[in-house]
Amino acid sequence: MERRKIIAGNWKMHKTIGEAIQFIDSLIPLIPMVRGAKSEIWIAPAFTAIAAAAKKAEGSSVRIGAQNMSDVDEGAFTGEISAKMLKEAGAQFVILGHSERRSHFNETDEHIHHKIKRALSENIPAILCIGESESERESGRTQEILSRQLAIALAGFSPNELSSLIVAYEPVWAIGTGKSATAEMAQETHKAIRFQMEQLTSAQIAASLPILYGGSVKPANIKSLLEMPDIDGALIGGASLDVSSFSEMVLQG
Ligand code: PGA
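Small disclaimer: the values here were computed from a predicted structure and weren't measured.

About the criteria used
Residues numbered from 1 in each chain as written. Predicted model: local features only at pLDDT ≥ 70, side-chain atom pairs only at ≥ 80, totals over all residues. Heavy atoms only, no water. Helix = DSSP H or I, 4+ residues; strand = E, 2+ residues; numbered from the N terminus. Rg over C-alpha atoms; globule rule 2.2 N^0.38 Å. Buried < 20%, exposed > 50% of the residue type's maximum accessible area, 1.4 Å probe, protein only. Areas by Shrake-Rupley, 256 points an atom, 1.4 Å probe, with all protein chains shown as cover. Lys, Arg positive; Asp, Glu negative; His and termini not counted. Charge placed at Lys NZ, Arg CZ, Asp CG, Glu CD. Phe/Tyr/Trp six-rings, centres within 6.5 Å; stacked < 30°, edge-to-face > 60°. Salt bridge = Lys/Arg side-chain N within 4 Å of Asp/Glu carboxyl O. Near = heavy atom within 4 Å. Polar contact = N/O pair within 3.5 Å; in protein donor to acceptor, adjacent residues only side chain to side chain. Nonpolar A, V, L, I, M, F, W, Y, C, P; charged D, E, K, R; others polar. Pairing = 2+ DSSP bridges.

Participant: What's the story with the overall build of the protein chain in this structure? I'm lost.
Facilitator: For the protein chain, the count of helices and strands is eleven helices and eight strands. Over its C-alpha atoms the protein chain spans a radius of gyration of 17 Å, differing by no more than 12% from the 18 Å that the globule rule assigns to 253 residues. Along the first, second and third principal axes, the C-alpha atoms of the protein chain reach 45 × 45 × 35 Å. Looking at the protein chain as a whole, 52% of its 253 residues qualify as buried. Here the protein chain has roughly 11,500 Å² of accessible surface; of this, 54% comes from carbon and sulfur atoms. Put simply, the protein chain has 25 plus and 30 minus side-chain charges, and the middle of one group is 3 Å from the middle of the other.

Following this line, the structure appears as structure tokens:
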């Protein structure tokens, strides 16, 4: 079955408003939109640059989103940003449960579940990130860890509610390390994720679910990853910061 393909850039804490605008300005002419780029192009700048980037990207095929979001609607939560605020700024998707949020800011699977719930109720498509650490992989616990992350984050939703979800498999040991999973290793894991998603939703929803791979994706390895049947795109950190390497990856996608 034909699934959506998404090449997503996660800029993390990089790029000022000016730098974000400059990037989008340079990116748009490089995308052969009219000739039908096969992959959707998604970019998650820092919160402060979302509005300006979204405005710059208007009318193009580039979608701007956020890297995180509060699970609460509004209230006394100093430093937090709500789904409504993000949508108003022009965010069209949100990344949730990134491993840096889990490890540096103690986000738990339960907390991520509430964020997914908020994203669904606000109709903002979410990319749910899951991934195992190096020691978890070495001790043969990869599947157990990923299953737990998915089961808790997605507990209690109806299959239909999850039809807009995107999953990103990002092995923690591959993020920012230059050490990507091999295409075969990633494929095997993506296949297992899709199988579990079938149990959690339905065969039809699992078959149309985009599962992105993330972790040291770069122009040199993206093609072999995307050739795999269950890898539907990439979530890219470091290599998405440079417009020529990002556009090269989009064109390979
Ligand atoms: P990386 O990061 O491409 O720099 O490894 C990926 C991510 O954290 O989403």
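Participant: In this structure, what is going on with the packing of aromatic side chains? I would like to understand it.
Facilitator: Aromatic ring pairs: the centre-centre distance and the angle between the two ring planes describe each pair. Scanning the entire structure with this criterion turns up four aromatic pairs. Aromatic side chains Trp11 and Phe23 sit 4.7 Å apart centroid to centroid with 75 degrees between the ring planes, which places their arrangement in the edge-to-face category. A residue pair is termed long-range when its members are at least 10 positions apart, and Trp11 in the loop between strand E1 (6–10) and helix H1 (17–27) and Phe23 in helix H1 qualify at twelve residues. Residues Trp11 and Phe23 agree in their burial class; the two are buried.

Participant: Explain the pattern of salt bridges to me, please; I cannot follow it from the model alone.
Facilitator: Following the criterion strictly, the structure yields 18 salt bridges and no others. For Lys84, the salt bridge goes to Glu122, with nearest N and O atoms at 3.1 Å. Of the two residues, Lys84 sits in helix H3 (residues 83–89) while Glu122 sits in the loop between helix H5 (109–121) and strand E5 (126–130), which places them 38 residues apart along the sequence. With a closest N to O distance of 3.0 Å, Glu107 and Arg101 form a salt bridge.

Participant: How should I be thinking about the site of the ligand in this particular structure?
Facilitator: Every one of the 13 residues lining the ligand counts as a neighbour, but Lys12, His98, Glu170, Gly176 and Ser216 are closest to it. Here Lys12 contributes a side-chain N or O atom positioned 2.7 Å from an oxygen atom of the ligand. A distance of 2.6 Å separates an oxygen atom of the ligand from a polar side-chain atom of His98. The protein chains hide 95% of the 280 Å² of surface that the ligand would expose on its own. For the shell around the ligand, the residue count by class is four nonpolar, seven polar and two charged.

Participant: Sorry, what's going on with the pairing of strand E6 (residues 166–169) here?
Facilitator: As a general feature of sheets, a regular strand has side chains that alternate between the two faces. Every second residue of E6 is oriented toward a common face, with Ile166 and Ala168 on one face and Val167 and Tyr169 on the other, all of them buried. Bridge analysis of E5 against E6 gives four bridges, and the strand direction is parallel. Among the inter-strand pairings, Ile127 is bridged to a residue of E6, identified as Ile166.

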